Amino acid sequence: MKILLISGHGAGDPGAAATIDGTYYQESQEARRVTAALKPLLQKYADVDIYPTSRNAFYDVCNGVLGNYANIGSYDYVLEVHFNAFTPQYADGQTKGVECYVTNSEAGTTVEQLICQHISQVGMQNRGVKRYDWSVIYNVKLYGVSSALLEVCFIDDPDDMHVYTQNFDSIVSAIAKGVVEGFELGSIKMEDESKPNEDKNEEEEDDMTVYKTLEDVPEWARPTVEKLIEKKYLVGEGEGVLNLEHNMLRGLVINNNAGLYD
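The structure contained in this document is the topic of the report that follows. (Residues numbered from 1 in each chain as written. Predicted model: local features only at pLDDT ≥ 70, side-chain atom pairs only at ≥ 80, totals over all residues. Heavy atoms only, no water.)

**Examining the packing of helix H8 (residues 222-230) against helix H9 (residues 246-257)**
- The interhelical angle for the contact between H8 and H9, taken along N-to-C directions, is 80 degrees, at an axis separation of 9 Å. Overall, the two elements H8 and H9 adopt an arrangement that is roughly perpendicular. Of H9, the residues touching H8 (which contributes Thr224, Val225, Lys227 and Leu228) are Leu249, Leu252, Val253 and Asn256.
- Partitioning the contact of H8 with H9 into residue classes produces 5 nonpolar, 2 polar and 1 charged. (Axes fitted to C-alpha atoms, helices over the stretch in contact; angles between N-to-C directions. Helix = DSSP H or I, 4+ residues; strand = E, 2+ residues; numbered from the N terminus. Parallel < 35°, antiparallel > 145°, perpendicular 65-115°, else oblique. Contact = heavy atoms within 4.5 Å. Nonpolar A, V, L, I, M, F, W, Y, C, P; charged D, E, K, R; others polar.)

So, in structure tokens, the structure goes:
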């Protein structure tokens with residue numbers, strides 16, 4: 001089996017960022033930290049490459065050059081790593097958690113369900129697997145290759161980042177275990193799997209606003225969404241259905257204001 005890991009953002013785009021307990025975190029840096037640690041774990045079971053970390057895969061998709069930097073069609077699975085953001089930068093004792101996205105044309109979600117399940121065992125809320133045609137994984141799927149986008153946790157949530165920083169090796173092992181088990185490549189033991197985790201809890205999923213169509217999108221974000229739809233960067237689920245979560249919408253607006261979509 002051949003796997004490609006893609007680190008989100010980079011090439012001048014930091015992605016989401018936050019200062020937690022005096023430490024400044026950038027999504028692009030943390031995504032690269034995760035893929036670097038994940039590769040050797042998966043290499044015991046498959047051939048694994050990392051998309052050039054000096055590149056931004058989203059930019060490359062927009063410029064039509066994704067295939068110039070990786071032979072996408074030669075892979076069996078592509079996993080794009082990101083970190084989420086929502087912005088209440090205060091601790092409330094509950095993690096916002098992990099989630100995975102697959103495209104609307106993906107046949108199954110076994111691997112992604114297992115990734116979320118194993119990360120949740122480390123102490124993150126399991127937000128589950130969702131379907132959305134994000135640009136990179138959508139374009140990868142056009143090559144006939146299964147793909148997924150992993151949001152490891154919320155980079156601006158102190159509770160998430162406490163679990164992440166204190167259990168980094170276990171979280172990376174959890175991702176690897178989900179991939180290995182999902183594709184039936186063998187068995188893998190998570191780091192500290194036998195140790196009780198004091199951070200575990202059974203939080204209910206946050207009630208986060210979802211904007212189903214363009215008409216539901218608030219005025220402050222509508223110009224950004226209209227631009228992305230016009231440029232075909234934002235495909236949605238077809239027939240005008242967008243299903244944009246509020247935190248996704250914020251990220252799109254921030255990137256637009258920074259000129260990333262011009």
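From this point, the narrative continues.
**Quick look at the layout of surface pockets**
- In this structure, the largest pocket spans a volume of roughly 800 Å³.
- Along the walls of the largest pocket sit 44 residues, with His9, His82, Gly251, Leu252 and Asn255 positioned nearest its centre.
- Of all the secondary structure elements, the ones that give two or more residues to the lining of the largest pocket are strand S1 (2-7), helix H2 (57-62), strand S5 (77-84), strand S6 (98-102), helix H5 (135-142), strand S8 (146-154) and H9.
- For the lining of the largest pocket, the per-class residue count stands at 22 nonpolar, 14 polar and 8 charged. (1 Å grid on protein atoms, 1.4 Å probe; cavity = no way out; pocket = protein on both sides within 12 Å on 5 of 7 lines; lining within 4 Å. Points joined across faces, edges and corners; volume = space filled by probe spheres on them.)

**Thoughts on the side chain of aspartate 157**
- Examined against the element boundaries, aspartate 157 turns out to sit in the loop between S8 and helix H6 (158-166).
- Reaching out from aspartate 157, the side chain makes a polar contact with the backbone nitrogen of aspartate 159 at a distance of 3.0 Å.
- For aspartate 157, the side chain forms a polar contact with the main-chain nitrogen of aspartate 160, separated by 2.9 Å. (Polar contact = N/O pair within 3.5 Å; in protein donor to acceptor, adjacent residues only side chain to side chain.)

**What to know about helix H1 (residues 27-42)**
- When the terminal C-alpha atoms of H1 are compared, their 22 Å separation across 16 residues agrees well with the 22 Å that a helix rising 1.5 Å per residue should span.
- Within H1, the full set of buried residues consists of Glu27, Ser28, Glu30, Ala31, Arg32, Val34, Thr35, Leu38 and Leu42.
- Looking at the buried side of H1, the elements it contacts are S1, strand S3 (23-26), strand S4 (47-50), S5, H6 and helix H7 (168-182). (Expected span 1.5 Å × (residues − 1). Buried < 20%, exposed > 50% of the residue type's maximum accessible area, 1.4 Å probe, protein only.)

**Notes on the packing of aromatic side chains**
- According to the stated counting rule, one finds 6 aromatic pairs in the structure shown.
- Between tyrosine 101 and tryptophan 134, the ring centres sit 5.9 Å apart and the planes meet at 90 degrees, which makes this aromatic pair edge-to-face. Here tyrosine 101, found in strand S6, pairs with tryptophan 134, found in the loop between strand S7 (126-131) and H5; they are 33 residues apart in sequence, far enough to count as distant. Each member of the pair tyrosine 101 and tryptophan 134 is classed as buried.
- Ring geometry for tyrosine 132 against tryptophan 134: centres 4.6 Å apart, planes inclined by 45 degrees, an arrangement best described as tilted. With respect to class, tyrosine 132 is no different from tryptophan 134; both count as buried.
- Taken together, the ring pairs connect Phe83, Tyr164 and Phe168 into an aromatic cluster.
- Taking the ring centre of tyrosine 75 as reference, the NZ or CZ of lysine 2 above it sits at 4.9 Å.
- The aromatic ring of tyrosine 69 is capped on one face by arginine 55, whose charged end is 4.0 Å from the ring centroid. (Phe/Tyr/Trp six-rings, centres within 6.5 Å; stacked < 30°, edge-to-face > 60°. Lys NZ or Arg CZ within 6 Å of the ring centre and 35° of its normal.)

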